[in-house]
Every structure is written in structure tokens, then in C-alpha cells.
Amino acid sequence: MPTSPGGVPPAVASIVPRKMLLSTRGIAISAILGGMALVTEALGLSLPGYLPGVNFNLVGTYLSIATMAAGPLGGMIVTILDSFTSSVGFYGLPFYWPHVFILAYFWPKIYKLSNTAYRLGLYWAVSAVALFTQYWGWFWLYVVVFKYADTVVPLAVYNFGGGAFWIFLLIYALIPSAILTAFPSFVKPEWKFANLKWWTLAVVVIFLALAATKA
């Protein structure tokens with residue numbers, strides 16, 4: 001019997017589900033979560049801001065779930081829809097992407113862990129690293145566009161030394177980790193993204209380099 005390059009008969013290969021860049025399910029999940037982000041921003045459903053015009057919004061929850069379930073493109077769809085009603089508008093759109101790519105890179109590896117405690121612990125650790133990395137791009141934006149400071153240093157001290165970072169970490173990781181525990185199949189990484197390692201490295205380097213210009 002003839003087989004496909006992977007050793008699977010063509011008739012079988014045609015019905016075996018394959019990972020897709022963004023499946024119909026992934027598009028639907030991302031669109032719904034992005035719509036929720038858009039609506040909650042429009043309704044002002046966020047905690048009071050810690051800087052003028054900057055609130056503790058819920059977009060981190062939505063983009064984390066979308067990234068887990070649909071990959072980098074899912075998280076990016078959420079950020080695009082959120083930007084329509086965000087307090088910082090489209091200025092902030094790409095500054096969420098370090099988090100999206102870092103989480104997406106590690107997520108399939110985290111999901112494969114069979115021990116729930118290890119899986120949750122690593123998820124929180126990766127979320128913390130992703131958020132920490134993401135912050136530096138936002139600091140650059142706050143200095144260059146919004147003029148909150150002359151350098152990123154006081155913003156870093158304020159955010160990492162105060163409670164802002166930890167509040168955002170809860171927003172980014174608490175509900176997604178609950179979903180991972182209760183409904184793991186919902187966030188199963190059935191997606192693919194070519195050269196994800198290099199995309200992630202490029203995004204991280206670009207945004208850290210931006211922050212370095214205002215150190």
C-alpha cells in the first residue's frame with residue numbers, strides 16, 4: 001500500500017487532524033476573547049490606573065488564554081481588537097507581543113508535563129518572565145510617547161519595586177492557570193508557528209534594545 005512521506009497511508013493521512021497555523025477553532029476563540037477585551041476596555045472595567053491613562057486592564061487574561069489555545073496569532077488578534085478601545089490606543093499594540101511570543105514558545109513544552117503542580121509552577125514562572133520582558137517595551141513607550149519620565153529607570157523601580165508587576169502577573173496568569181487545571185483540553189496547543197524560536201528571540205531583542213536606548 002502506498003504511504004505518505006510520514007509512513008501513513010494517504011487515506012488515513014487525509015483524516016488525521018494536523019496542527020494548523022490558526023484553525024477555525026483558534027480563530028473563533030481569539031475573536032471571542034478579543035471581543036471581550038474590546039468590550040471590557042470600552043466599559044472601563046479595569047482597576048484604577050497606577051500612571052495617568054494606564055489602568056490594570058484585563059487584556060492580559062484574554063491574550064494569555066488565546067495564545068495558549070491558538071498560538072501567537074491568537075494572542076495578536078486579541079491585542080489588535082483590544083487596541084480599538086484601549087486607553088493607550090494602537091500605540092500599545094506591539095508592546096504586548098513579547099509576552100505573546102515568549103508564552104507561545106514555552107507553552108507546548110509546559111502542556112506536555114504530566115505533573116499538574118510542575119505544569120502550573122512552570123506556567124507561572126514563564127508568565128512572570130514574559131511579563132518582565134514585556135514591561136521594558138512599555139517603559140520605552142511611556143518615556144518616548146507619553147513623557148512620564150526621562151529614562152526607563154524610575155519606571156522600572158516604580159513598577160518592579162511596587163505592586164504593579166505582581167497585580168499584572170495575577171491578571172495574566174490566575175484565570176488561565178485555573179482553566180489549565182479545570183479544562184486542559186481547551187488550551188491544548190493544537191497549532192503551529194514556523195520558526196517560533198527565532199521570531200521570539202527577534203521580538204525580545206528588539207524591545208529590550210528599545211528600552212536600552214532610554215536607560
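Peer 1: Go over the overall build of the protein chain with me, naming the residues and quoting the values.
Peer 2: Assigned secondary structure in the protein chain consists of nine helices and two strands. From first element to last, N terminus to C terminus, the protein chain shows the α and β order α-α-β-β-α-α-α-α-α-α-α. Counting contacts in the protein chain only where the partners sit at least 6 residues apart, residues at least 24 apart contribute 75% of the total. Here the protein chain displays about 10700 Å² of accessible surface, and carbon together with sulfur accounts for 73% of that area.

Peer 1: Before we move on, could you go through the nonpolar core and cite the residues and values that matter?
Peer 2: Among the nonpolar cores identified, the biggest contains 58 residues, and Val78, Trp107 and Phe139 are the most heavily contacted of them. Sort the elements by how many residues they give to this core and helix H6 (residues 116-144) lands first, with 13 residues. With near-sequence residues (within four places) excluded, Phe139 lies in contact with Val152, Leu155, Ala156, Asn159 and Phe160.

Peer 1: How would you summarise unusual backbone geometry if you had to cite specific residues and measurements?
Peer 2: The backbone of Lys147 sits at a positive phi, close to 60 degrees, despite the residue not being glycine. Looking at the element boundaries, Lys147 is found in the loop between H6 and helix H7 (153-161). With a phi close to 55 degrees, Asn195 is a non-glycine residue in the positive phi region.

Peer 1: Would you mind going over the side chain of Thr67 in detail, with residue names and values included?
Peer 2: With respect to the helices, strands and loops of the structure, Thr67 is situated in helix H3 (residues 59-70). When its relative accessible area of 0% is taken as the criterion, Thr67 is described as buried. For Thr67, the contacting residues outside a window of four places in its chain are Gly75, Val100, Leu103, Ala104 and Trp191.

Peer 1: Talk me through helix H5 (residues 97-111); I want residue IDs and the actual numbers.
Peer 2: Here H5 spans 21 Å end to end across 15 residues, near enough to the 21 Å set by a 1.5 Å rise per residue. Approximately 30 degrees is the largest bend angle found in H5, and it occurs at Tyr105, with the proline Pro108 only one to four residues beyond. Inspection of H5 places Pro98, His99, Val100, Phe101, Ile102, Leu103, Ala104, Trp107, Ile110 and Tyr111 among the buried residues, and these make up the whole buried set. On its buried face, H5 sits against H3, helix H4 (72-83), H6, helix H8 (164-182) and helix H9 (196-212).

Peer 1: Quick one: what's the story with the confidence of the model for the protein chain, residue by residue and with numbers?
Peer 2: Averaged over every residue, the pLDDT of the protein chain is 89; residues scoring 70 or more account for 87%. Ranking the elements of the protein chain by mean pLDDT puts helix H1 (residues 10-13) last, at 43, and H5 first, at 98. Segment residues 1-17 is flagged for pLDDT under 50; beyond a separation of four residues in sequence, or across chains, it makes 11 contacts in the model.

Peer 1: Please provide a residue-by-residue account of the packing of helix H2 (residues 24-42) against H3, values included.
Peer 2: For the pair H2 and H3, interaxial distance at closest approach is 9 Å and the crossing angle is 175 degrees. Between H2 and H3, the interaxial angle falls into the category roughly antiparallel. Of the residues in H3, those in contact with Arg25, Gly26, Ile29, Ser30, Leu33, Met36, Ala37 and Thr40 of H2 are Val59, Tyr62, Ile65, Ala66, Ala69 and Ala70. Class assignment of the residues belonging to the contact of H2 with H3 gives a composition of 10 nonpolar, three polar and one charged.

Definitions and limits used
- Residues numbered from 1 in each chain as written.
- Predicted model: local features only at pLDDT ≥ 70, side-chain atom pairs only at ≥ 80, totals over all residues.
- Heavy atoms only, no water.
- Helix = DSSP H or I, 4+ residues; strand = E, 2+ residues; numbered from the N terminus.
- Contact = heavy atoms within 4.5 Å.
- Areas by Shrake-Rupley, 256 points an atom, 1.4 Å probe, with all protein chains shown as cover.
- Core = buried A, V, L, I, M, F, W, Y, C linked by side-chain atoms within 4.5 Å.
- Buried < 20%, exposed > 50% of the residue type's maximum accessible area, 1.4 Å probe, protein only.
- Expected span 1.5 Å × (residues − 1).
- Bend = angle between axes of the 7 residues up to and from the residue.
- pLDDT = per-residue confidence, 0-100.
- Axes fitted to C-alpha atoms, helices over the stretch in contact; angles between N-to-C directions.
- Parallel < 35°, antiparallel > 145°, perpendicular 65-115°, else oblique.
- Nonpolar A, V, L, I, M, F, W, Y, C, P; charged D, E, K, R; others polar.

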